[in-house]
Amino acid sequence: MESPSKNVCTLCTDDGLSNYAVTWCTECEGFLCTDCEKHHKRSKASKEHSTMSTVDYHKLPKSIRETSNRCKDHDKKYELYCSSHACPCCVQCIADTHQKCQDMKPLADILKDVKSSAAIPLLKNDLKDLRESFEEVIKHIEDRIKIINSQKEKGIEEIRSMRKLLEDHFDKLERQIIGDLNAKHSKLKSNLEELVKEMENRAKLVGQLEDEFSTMTKYATELQIYVGMQELEKTASKEAKFLGDLESGNDLHDNNMEVKILSEVYSVLQDVYSFGKISIKSTPYSVHGKIGRKDQAQRIVPTVPKPEQVKPSLMENFEFLKVITNNPDIFSQIRQMRFFLDKKTAHKEVSVLEDGTTFSNSIQEVLLDQCITSYITKY
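Position numbers for residues start from 1 in each chain and track the written sequence from start to end. Restriction of local features to residues with pLDDT of at least 70 applies here, the model being predicted, together with a cutoff of 80 or more for giving and counting side-chain atom pairs; totals for whole chains, interfaces and linings are based on all residues. The basis for the side-chain values is all heavy atoms of the structure; hydrogens and waters are excluded.

### Remarks on the overall build of the chain
Secondary structure elements follow DSSP: runs of H or I of four or more residues count as helices, runs of E of two or more count as strands, with numbering from the N terminus. In terms of helices and strands, the chain carries 13 helices and 9 strands. Think of it in three bands: with a 1.4 Å probe and only protein chains considered, a residue is buried below 20% of the maximum accessible area for its type, exposed above 50%, and partly exposed in between. The buried share among the 379 residues of the chain stands at 18%. Throughout, a residue-residue contact means that at least one pair of heavy atoms, one from each residue, lies within 4.5 Å. Within the chain, residue pairs in contact and separated by at least 24 positions form 42% of the contacts whose partners lie at least 6 positions apart. Surface exposure here means Shrake-Rupley accessible area, sampled with a 1.4 Å probe, where a residue is shielded only by the protein chains that are shown. When the accessible surface of the chain is split by element, carbon and sulfur atoms take 56% of a total near 30200 Å².

Here it is in structure tokens:
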């Protein structure tokens, strides 16, 4: 906002001076210093002008300060108001752009009672209602932000809770299958280790027999060798039979361990492509704010019915006559009325005769019924 201290007097500026302004004239649309304000108030041409302090002037919105009472296109003072275009006009505007506009009114009539018109409190109330409506909608939106933030946290908690349930469940399945794997492995390993131990004992025995046979062939007699060979053959035959039975049996089969993951577990990777779905369900806004009236600016302009819109009613005329003729007390009041009967009797004082049936003036007498009928029909 422009500072009031920076405003200089418009009149002084024209004289090459730079005196600080203290007043703004709304009609001259210029700043005035203290001296110029005094002359301005004493001048016959400007003493009735409305003024305000520069401090109050700068309290006005910028758009209002920039609103001039002179036409920006023709630099002439606005004198008329076009209701069709809702804008003030100068005389040149009518010739240029408003030739076909029918609803033209004097601007002075439009502005005469604008500050005291009912439109001021109406518009003030409309602005208040509109502001409250915006505040209500803002509060609703802020509440919605809090709600969706809460929904987000709740959603994250639900996702992590499900993740924890899945982890616990798969941890349990993992422990179970690893336990089964360890049990089967231990059994196979134990069987093979026992078999290896037995084979080592039998191999050691055969090695001892081999050493004994070698010693026997070197030092024993023929009889001893013969008897010894018989015993050795029995023992060797027995070990050979054990080895043959071992080879023909199942003990030497290759028992391979294999872990096969169930297809249902793989389907989790293939079919379960998401933890879930995030959806937004919209609910209509149920609280509606107060909405201002339509065409508010047009309501400020007074509406005067056009001649073709005035439709006199004969029934009302007859009812008026009926009231007059049935109430003699009204005659005394009619004595003070001024009637515009026609060109000859216009603006002439008329009075009711004592009998209460006729009017009289300096020109002619007319029957009361005719006078009242003429008055009502004309106005």
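### Examining the sheet that holds strand E2 (residues 30-32)
Strands qualify as paired when DSSP identifies two bridges or more between them. If you walk across this open sheet you meet the 3 strands as E2-E1-E3, and the pairing is antiparallel. Of all strands in the sheet, those bounded by a partner on one side alone are E2 and strand E3 (51-53). Mean inter-strand twist for the sheet, computed between neighbouring axes without regard to direction, equals 30°. Judged from the 3 bridges that link them, strand E1 (residues 23-25) and E2 form a sheet pairing that is antiparallel. With axes taken as lines fitted to C-alpha atoms, and helix axes fitted only over the stretch in contact, angles between N-to-C directions fall between 0 and 180 degrees.

### Quick word on the pattern of salt bridges
Any Lys or Arg side-chain nitrogen found within 4 Å of a carboxyl oxygen on Asp or Glu counts as a salt bridge. Within this structure, the stated rule accounts for 14 salt bridges. In this structure, the salt-bridge partner of Asp75 is Arg70, at a minimum N-O distance of 3.2 Å. One salt bridge connects Glu167 with Arg163, and the closest N-O pair in it is separated by 2.8 Å. With a gap of 4 residues between them, Glu167 and Arg163 both fall in helix H7 (residues 119-219), about one helical turn apart. In this structure Glu167 comes out as partly exposed when scored by relative accessible area, which is 34%. Bridged by salt links that share partners, the residues Glu198, Arg202 and Glu239 form one connected network.

### Points about the sheet that holds strand E4 (residues 80-82)
The 3 strands lie next to each other as E5-E4-E6, forming an open sheet whose pairing is antiparallel. Here the strands that pair on one side only, and so sit at the sheet edges, are strand E5 (87-89) and strand E6 (104-106). Looking at each pair of strands side by side, their axes are set apart by 35° on average, direction ignored. Pairing analysis gives 3 bridges linking E4 to E6, with the strands arranged antiparallel. Among the inter-strand pairings, Cys82 is bridged to a residue of E6, identified as Met104.

### Considerations on the side chain of His40
On the secondary structure map, His40 appears in helix H2 (residues 34-42). Given the relative accessible area of 9%, His40 is considered buried. Contact partners of His40, with chain neighbours within four places excluded, come to Cys25, Cys28, Leu32, Ser46, Lys47, His49 and Thr51.

### Concerning the state of the cysteines
Two cysteine sulfurs form a disulfide in these notes if their separation is within 2.5 Å. The final tally for this structure, using the stated rule, is 0 disulfides. The structure places no disulfide on Cys28, whose sulfur is separated from the nearest cysteine sulfur, that of Cys25, by 3.5 Å. Here Cys93 stays free of any disulfide, with the sulfur of Cys90 as its closest cysteine sulfur at 3.4 Å. Cys93 sits in the buried class, given a relative accessible area of 8%.

### Details of the side chain of Glu239
One can find Glu239 in helix H8 (residues 222-248). Polar contacts, as used here, are pairs of N or O atoms within 3.5 Å; protein pairs need one atom able to donate a hydrogen and one able to accept it. Residues neighboring in sequence count only if both atoms are side-chain atoms. At 2.8 Å, the side chain of Glu239 and the side chain of Arg202 are in polar contact. Setting aside its immediate chain neighbours within four residues, Glu239 contacts Arg202, Leu205 and Val206.

### As for unusual backbone geometry
Look at Glu29: it is not a glycine, yet its phi comes out positive at around 55°. Within the element layout of this structure, Glu29 appears in the loop between E1 and E2. The residue Ala86 is not glycine, and still its phi comes out positive at about 55°. Residue class for Ala86 comes out partly exposed when judged on its relative accessible area of 35%.

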